[in-house]
Amino acid sequence: MSVRPLIAGNWKMNGLAGESAGQIKALISKANEVASLGCDILICPPATLVGQLAEQAKGTSVAIGGQDCHAHEKGAHTGDISAAMLKDAGASYCLAGHSERRTDHGESNADVKAKAEAAIGAELIAIVCVGETLEQRESGKTLEVVSDQVKNSLPDGATATNTVIAYEPVWAIGTGKTPTTEDVAEVHAHMRKELSTLMSDAGSVRLLYGGSVKGSNAAELMAVEHVNGALVGGASLKAEDFWPIVETGL
Ligand code: PGA
């Protein structure tokens, strides 16, 4: 089955208004040069820039998303942002359970599931992130850990339209290390199988790979069976680095 790829950039805690506007402008102009895009393009900037960049990208083929949302719609949660607020600011996607959130903020699978459900409830597409640590990989627990995260972080009501899964081995994020294509193939096939027990349209769910994706390795990672796109950190900050990755999805 052919699944339209998604090439997503996660800017993490990087980006100020001026330089970011320039990067989005450059990305939009690259995308405009392509007559018919064969993939979806997404940038998840810090929350402070979602409104501005969504306005700038309105009507173009570049979508804007949040990096996190609160599980509740509103209320006494100082410093938090709801999915409805991201939607209101022009976002169309939201990450849930990035490993930096799971680690830095102690987010459990139940938290991630609740956030992904909030995202879907606000009509955002949830990108649920999963992935093993180095210790878990070295002790042979990768598939078990990924299964557990997929099963327990998947939002109720998940469909191939409202949910994307990103496999990001924790040890590959920001390290320049990537798993072999065989290892990625094994995990992605496993996730597809796991999802087929949980969803009726599992075959169409976009499964992204993330962790040290760059222009020089994107094509081989994207060619792996059941890899339907990429979640890119460092190499998404500059349009000139991100575009060659987008091209592998075209
Ligand atoms: P990286 O980050 O591409 O810088 O490794 C990926 C991510 O954390 O989403």
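Note: the structure precedes this text.
Residues numbered from 1 in each chain as written. Predicted model: local features only at pLDDT ≥ 70, side-chain atom pairs only at ≥ 80, totals over all residues. Heavy atoms only, no water.

A few points about unusual backbone geometry
As a rule of thumb, non-glycine residues mostly have phi less than zero, and peptide bonds are mostly trans rather than cis.
Phase 1: The phi torsion at K12 lies on the positive side, around 50 degrees, for a residue other than glycine.
Phase 2: Counting through the fold element by element, K12 comes out in the loop between strand 1 (6-10) and helix 1 (17-32).
Phase 3: Residue H226 is not a glycine yet carries a positive backbone phi of 70 degrees.
Phase 4: Within the fold, H226 resides in the loop between helix 9 (218-222) and strand 8 (229-232).
Phase 5: We classify H226 as partly exposed; its relative accessible area is 25%. (Helix = DSSP H or I, 4+ residues; strand = E, 2+ residues; numbered from the N terminus. Buried < 20%, exposed > 50% of the residue type's maximum accessible area, 1.4 Å probe, protein only.)

Notes on helix 5 (residues 109-121)
Phase 1: A rise of 1.5 Å per residue sets the reference length of helix 5, with its 13 residues, at 18 Å; its end C-alpha atoms lie 18 Å apart and thus fit the reference within 8%.
Phase 2: Considered for burial, the residues of helix 5 that qualify are N109, V112, K115, A116, A118, A119 and I120.
Phase 3: In this structure, the buried residues of helix 5 make contact with helix 3 (83-88), strand 4 (93-96), helix 4 (99-104), strand 5 (125-130), helix 7 (142-153) and strand 6 (163-167).
Phase 4: Trailing helix 5 by a residue or two, E123 shows a phi angle of about 65 degrees, which is positive. (Expected span 1.5 Å × (residues − 1). Contact = heavy atoms within 4.5 Å.)

Brief notes about the site of the ligand
Phase 1: Taken together, 13 residues are adjacent to the ligand, and K12, H98, E168, G174 and S212 come closest.
Phase 2: Between the ligand and G234, the relevant distance is 2.9 Å, taken from an oxygen atom to a main-chain nitrogen or oxygen of the residue.
Phase 3: Taking 290 Å² as the accessible area of the ligand by itself, protein coverage stands at 95%.
Phase 4: Residue classes in the shell around the ligand are distributed as four nonpolar, seven polar and two charged. (Near = heavy atom within 4 Å. Polar contact = N/O pair within 3.5 Å; in protein donor to acceptor, adjacent residues only side chain to side chain. Areas by Shrake-Rupley, 256 points an atom, 1.4 Å probe, with all protein chains shown as cover. Nonpolar A, V, L, I, M, F, W, Y, C, P; charged D, E, K, R; others polar.)

Comments concerning the packing of helix 7 against helix 8 (residues 181-196)
Phase 1: It is the contact of helix 7 with helix 8, at a shortest axis distance of 10 Å, that shows an interaxial angle of 40 degrees. Classified by the angle their axes make, helix 7 and helix 8 are oblique. Judged by the sense of rotation from one axis to the other, the crossing of helix 7 with helix 8 is right-handed. Touching T142, L143, V146, S147, V150 and K151 of helix 7 are E186, V187, H190, M191, E194 and L195, all from helix 8.
Phase 2: Its residues assigned to classes, the contact of helix 7 with helix 8 comprises six nonpolar, three polar and three charged. (Axes fitted to C-alpha atoms, helices over the stretch in contact; angles between N-to-C directions. Parallel < 35°, antiparallel > 145°, perpendicular 65-115°, else oblique. Left-handed = near helix turned anticlockwise from the far one by under 90°.)

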